[in-house]
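# Fold and contact review
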Amino acid sequence: MSAPETALPESPAAPRPAHRDANVLRWLAAYTASLIGDSVYFVALAWSAQKVAGPAEVGLVMAAGAVPRALLMLGGGVAADRFGVRRIVLGSDAVRCVLILAVAAGVAVTAPALWILVALALAFGAVDALFVPAVGALPPRITTPDQLARVTGMRTLAMRVSQISGPPLGGLAMGLGGAPAAFAVAGVLFAGSLPLLLTVRLRPPGVPDAGDVRGEAADVRGEAAHVRGEAAHVQGEAPAPGSAWQDLIGGLRYLRRHRLIGPLIAVTAVSELGLTGTLNVGMVLLNGERGWGPSGYGWIVSGFGAGATVGAVLLTVAGRLPRAGLTLAGTLLVGCVGAAGIALVPALPLAVAMAGAVGLAMGVCGTLANALVQTSADPAYLGRVTSVLMLTTVGLAPMSYPVVGAAIGVWGSAPVFVGCGAFGSLGVVVALACGTVRRAELPDIKN
């Protein structure tokens, strides 16, 4: 059962657009610092492993954290709903800070042994399984539903900033002070996010319009006892007391019965399985085939990142796009066609331009999907909903990496890119076939 978050003052509805709201900006600064800390940590972990182990062991260290993250992610969503997102976010971020600073102190007096790095990766992954669903469930609690698209766009911008600034910062710290300095920088960034998070005010849970299913004709707006997929759960109330396992099953049942969120997560899962391996593993192998080299790969990745950044800025400034469900399906189709086409263009500049178009389309698509899910979810289930959504991206999608690599080894890049694009476009079919997704709308902007 959700615990009351009495330690944090509640705030009224945001009086101004999210990108001008000091409360949202404090959350954004804290989130950005934490994401940059993540990037620095991964650089420190990878380079530390490379110094003490061979390639196979490096892969083991880097993969170790993904196992507990994937296995425990759904449990993290249950914890966020039972104990409150604020407690979980602050607690897990504090644990990550202490953990990384302790390792920094340890490797300062002794070499970073392989077992220490594996243990760190496992522990960090387990804590991340708590942190990721909780931090993903925060946006609906810091702004009004009509501003969620803006906040989601700002969140995407924070991710891009961390991807651009984190690795160079980690590399600089490694160059100047070795692994102890790099781990210490990551720990300091985590520590810096904590006081900012402490000052973020949360809106009270259960605001009626946070649970509206946009575009679903059966929903009655303003209905105090609106049923969310399960007759036993009343809008705005916490689930009945039960065990963590019962909460998990209840959350999965809620998703299965929800006429908008379930199909949206299916669309996300299919598109991630089709495109993630292509745009990561496949892009490296494509560059090897074409002879574009590491610099070509860098240009393509930069093009994708630039396009995604433009998409995030567009949603941040506009705040809302009409016909959100149809726009989501259309941008996903553009992304799938573009991802398939990258392997068919003959020259690097064309591939970079196409990667930019894919990044723009997928940035808009992903932002809309997240905003629709968060404006449609019952607040009592938001942690579990977020955990399932994140599991499709950080847990399920990487499973396509070895499949894509093996397929390219047999058939070459072009057929696999086209096949993956076609598979991803099945998400478009699901979106268009589901009336609630096709007709879905974001809330009207009120300020």
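Just so you know, these numbers come straight off a predicted model, no measurement behind them.

### Structural notes on the overall build of the chain
On a plain count of helices and strands, the chain comes out with 17 helices and 2 strands. For the chain, the residues scored as buried account for 53% of the 447 residues in total. For the chain, contacts bridging at least 24 residues in sequence account for 87% of all contacts bridging at least 6.

### Details of unusual backbone geometry
Here the phi dihedral of Arg323 falls at roughly 50°; this positive angle occurs in a residue that is not glycine. Looking at the element boundaries, Arg323 is found in the loop between α10 (293–318) and α11 (324–342). Among the residues examined, Arg323 registers a relative accessible area of 56% and is labelled exposed.

### Things to note about the environment of Leu189
Structurally, Leu189 can be placed in helix α7 (residues 148–198). In this structure, the C-alpha to C-alpha distance between Leu189 and Ser34, residues 155 residues apart in sequence, is 6.1 Å. Ignoring anything within four residues of it in the chain, the contact list for Leu189 reads Ala33, Ile36, Gly37, Val40 and Leu169.

### Quick word on the packing of aromatic side chains
According to the stated counting rule, one finds 5 aromatic pairs in the structure shown. When the centroid spacing of 6.0 Å and the interplanar angle of 35° are considered together, the rings of Phe124 and Phe190 count as tilted. With Phe124 in helix α5 (residues 114–136) and Phe190 in helix α7, this pair connects stretches of sequence that are 66 residues apart. Of the two residues, Phe124 and Phe190, neither departs from the other in class, the shared state being buried. An aromatic cluster of at least three residues, connected via ring pairs, comprises Tyr41, Phe42, Phe124 and Phe190. The ring of Phe131 has Arg96 lying over it, and the distance from NZ or CZ to the ring centre is 4.1 Å. Its end group placed over the ring of Phe190, Arg96 keeps NZ or CZ at 4.3 Å from the ring centre.

### Structural notes on a nonpolar patch on the surface
On the surface, Val67, Leu71 and Leu72 cluster together into a nonpolar patch covering about 300 Å² of accessible area. Relative to the elements of secondary structure, Leu71 occurs in helix α3 (residues 66–83). The exposure class assigned to Leu71 is exposed, which follows from its relative accessible area of 67%.

### Some remarks on the nonpolar core
Generally speaking, soluble globular proteins have nonpolar side chains that are buried together. Residues Trp27, Ile261, Leu328, Leu368 and Val385 are the most contacted members of the largest nonpolar core, which totals 82 residues. Top element by residues in this core is helix α12 (residues 348–376). It accounts for 12 residues. By size, the runner-up hydrophobic cluster in this structure holds 26 residues, among which are Ile36, Val40, Ala64 and Val103.

### Observations concerning the pattern of salt bridges
Counting across every chain of the model gives 8 salt bridges. A salt bridge links Arg96 to Asp38; its shortest N-O distance comes to 2.9 Å. Pair noted here: Arg96 is in helix α4 (residues 85–109) and Asp38 is in helix α1 (residues 22–52), with a separation of 58 residues, a long-range link. Considered together, Arg96 and Asp38 belong to a single accessibility category, that of buried residues. With a shortest N-O distance of 2.6 Å, Asp247 and Arg82 are connected by a salt bridge. A residue pair is termed long-range when its members are at least 10 positions apart, and Asp247 in helix α8 (residues 244–257) and Arg82 in helix α3 qualify at 165 residues. In this structure, a network of salt bridges that share partners links the residues Asp38, Arg69, Asp93, Arg96 and Asp128.

### Description of the packing of helix α14 (residues 400–411) against helix α15 (residues 413–424)
It is at 7 Å that the axes of α14 and α15 come closest, and there the two elements cross at 135°. With respect to α15, the axis of α14 lies oblique. Contact with α14, carried on its side by Val404, Ala407, Ile408 and Trp411, involves Ser413, Pro415, Val416, Phe417 and Cys420 of α15 and no other residues of that element. Residue classes in the contact of α14 with α15 are distributed as 8 nonpolar, 1 polar and no charged.

### Side note on the side chain of Ser92
Residue position: Ser92 is located in helix α4. A residue is classified by how much of its surface remains accessible, and Ser92, at 4% relative accessible area, is buried.

### Side note on the confidence of the model for the chain
Here the chain averages 82 in pLDDT, while 87% of its residues score no lower than 70. Scored below 50 in pLDDT, residues 1–14 makes 43 contacts in the model with residues more than four places away or belonging to other chains. Every residue in residues 207–240 is under pLDDT 50, and counting partners more than four places away or in other chains gives 83 contacts.

### Quick word on the side chain of Thr268
Note that Thr268 resides in helix α9 (residues 261–290). Under the relative-accessibility criterion, Thr268 is labelled buried at 13%. Sequence-distant contacts of Thr268, that is, excluding residues within four places in its chain, are made with Ala369, Leu389, Thr392 and Thr393.

### As for α10
It helps to recall that an α-helix has 3.6 residues per turn; residues three or four apart then point in one direction. Over its 26 residues, α10 extends 38 Å from the first C-alpha to the last, a length consistent with the 38 Å expected when each residue adds 1.5 Å. Just downstream of α10 lies Gly319, where phi reads positive at about 80°.

### A look at the environment of Arg290
Note on placement: Arg290 falls in helix α9. Residue Arg290 is classed as partly exposed on the basis of its relative accessible area, which comes to 31%. A polar contact is formed between the side chain of Arg290 and the backbone oxygen of Val345, at a distance of 2.7 Å.

Here is what the cut-offs are and how they apply
Residues numbered from 1 in each chain as written. Predicted model: local features only at pLDDT ≥ 70, side-chain atom pairs only at ≥ 80, totals over all residues. Heavy atoms only, no water. Helix = DSSP H or I, 4+ residues; strand = E, 2+ residues; numbered from the N terminus. Buried < 20%, exposed > 50% of the residue type's maximum accessible area, 1.4 Å probe, protein only. Contact = heavy atoms within 4.5 Å. Phe/Tyr/Trp six-rings, centres within 6.5 Å; stacked < 30°, edge-to-face > 60°. Lys NZ or Arg CZ within 6 Å of the ring centre and 35° of its normal. Patch = residues over 30% accessible without salt bridge, like charges linked within 9 Å, V, L, I, M, F, W, Y side chains within 5 Å. Areas by Shrake-Rupley, 256 points an atom, 1.4 Å probe, with all protein chains shown as cover. Salt bridge = Lys/Arg side-chain N within 4 Å of Asp/Glu carboxyl O. Core = buried A, V, L, I, M, F, W, Y, C linked by side-chain atoms within 4.5 Å. Axes fitted to C-alpha atoms, helices over the stretch in contact; angles between N-to-C directions. Parallel < 35°, antiparallel > 145°, perpendicular 65-115°, else oblique. Nonpolar A, V, L, I, M, F, W, Y, C, P; charged D, E, K, R; others polar. pLDDT = per-residue confidence, 0-100. Expected span 1.5 Å × (residues − 1). Polar contact = N/O pair within 3.5 Å; in protein donor to acceptor, adjacent residues only side chain to side chain.

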